[in-house]
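One-letter residues, chain by chain:
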Amino acid sequence: MVIVMLVVDFHLSGCRSLKEKRHRITRIRDRFGKKSNVAVCESDYHDVHRQAQWSFVIVGIDRKKVDQTLAEIEIFLDTGLDALMTERELHEL
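Each value, and the rule that gives it
Residues numbered from 1 in each chain as written. Predicted model: local features only at pLDDT ≥ 70, side-chain atom pairs only at ≥ 80, totals over all residues. Heavy atoms only, no water. Helix = DSSP H or I, 4+ residues; strand = E, 2+ residues; numbered from the N terminus. Rg over C-alpha atoms; globule rule 2.2 N^0.38 Å. Core = buried A, V, L, I, M, F, W, Y, C linked by side-chain atoms within 4.5 Å. Buried < 20%, exposed > 50% of the residue type's maximum accessible area, 1.4 Å probe, protein only. Contact = heavy atoms within 4.5 Å. Lys, Arg positive; Asp, Glu negative; His and termini not counted. Salt bridge = Lys/Arg side-chain N within 4 Å of Asp/Glu carboxyl O. pLDDT = per-residue confidence, 0-100. Pairing = 2+ DSSP bridges. Axes fitted to C-alpha atoms, helices over the stretch in contact; angles between N-to-C directions.

### A closer look at the overall build of the protein chain
1) Next: When you go through the protein chain residue by residue, the secondary structure sums to three helices and four strands.
2) Next: Seen in sequence order, the protein chain has helices and strands lined up from the N terminus as β-α-α-β-β-α-β.
3) Next: Relative to the globule expectation of 12 Å for 93 residues, the C-alpha radius of gyration of the protein chain, 13 Å, shows essentially globular dimensions.
4) Next: When its C-alpha atoms are laid out on the principal axes, the protein chain stretches across 40 × 20 × 20 Å.

### Overview of the nonpolar core
1) Next: Counting 23 residues, the largest nonpolar core has Phe10, Ile28, Phe56 and Leu77 as its most contacted members.
2) Next: Of all the secondary structure elements, the ones that give two or more residues to this core are strand S1 (2–11), helix H2 (27–32), strand S2 (38–44), strand S3 (51–60) and helix H3 (63–79).
3) Next: If we skip the residues at most four places from it in the chain, Leu77 touches Val8, Phe10, Ile28, Phe56 and Met85.

### Here's the deal with the side chain of Gln53
1) Next: Relative to the elements of secondary structure, Gln53 occurs in strand S3.
2) Next: Discounting residues that sit within four places of it in the chain, Gln53 has contacts with Val7, Val8, Asp9, Cys41, Glu42, Ser43, Asp44 and Tyr45.

### Let's talk about the environment of Leu6
1) Next: In this structure, Leu6 sits in strand S1.
2) Next: Between the alpha carbons of Leu6 and Ile58 there is a distance of 8.0 Å; along the sequence they are 52 residues apart.
3) Next: Apart from the residues within four sequence positions on either side, Leu6 is in contact with Trp54, Ser55, Phe56, Leu70, Ile73, Glu74, Arg88, Glu89 and Leu90.

### Quick word on the side chain of Asp9
1) Next: Its location among the elements puts Asp9 in strand S1.
2) Next: Notably, Asp9 is buried but unbridged: the nearest opposite-charge side chain belongs to Lys21, and the N-O separation is 10 Å.
3) Next: The residues contacting Asp9, other than those within four sequence positions of it, are Tyr45, Ala52, Gln53, Leu84, Met85, Thr86 and Glu87.

### Details of the confidence of the model for the protein chain
1) Next: When the pLDDT values of the protein chain are averaged, the result is 94; 100% of them are 70 or greater.
2) Next: Mean pLDDT across the secondary structure elements of the protein chain bottoms out at H2, with 90, and peaks at S1, with 97.

### Here's the deal with the sheet that holds S3
For sheets, the rule is that strands pair by backbone hydrogen bonds, running either parallel or antiparallel.
1) Next: With respect to topology, four strands assemble into an open sheet ordered S2-S3-S1-S4, the strand pairing being antiparallel. What marks the edges here is a single partner per strand, and that holds for S2 and strand S4 (84–92). Taken over all neighbouring pairs, the strand axes of this sheet differ in orientation by 20° on average, direction set aside.
2) Next: Taken together, the ten bridges between S1 and S3 define a ladder with antiparallel strand orientation. Residue pairing in the sheet places His11 in a bridge with Gln51 of S3.
3) Next: The sheet contacts of H3 involve S1, S2, S3 and S4, and relative to S1 the element is tilted by about 10°.

Structure, rendered in structure tokens:
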């Protein structure tokens with residue numbers, strides 16, 4: 001079994017409220033929170049308007065499946081959000 005954790009920081013340019021921040025970022029949970037091999041949560045900067053950090057734990061039988069899921073997540077984070085990814089950390093557990 002392979003387990004990895006991806007931690008991603010975002011900058012939300014022009015964000016003026018926590019409500020706006022949640023609206024712009026909540027698509028992450030909508031998209032990946034339903035996958036059976038992914039756990040996702042907002043992990044830091046809860047009360048900061050222009051920053052967000054989200055963590056993903058991906059579990060798979062083999063590395064290939066985990067890498068496919070990681071690639072899907074990273075493509076979405078790069079192209080599907082109104083936020084700029086500023087930092088990315090990958091941890092093998």
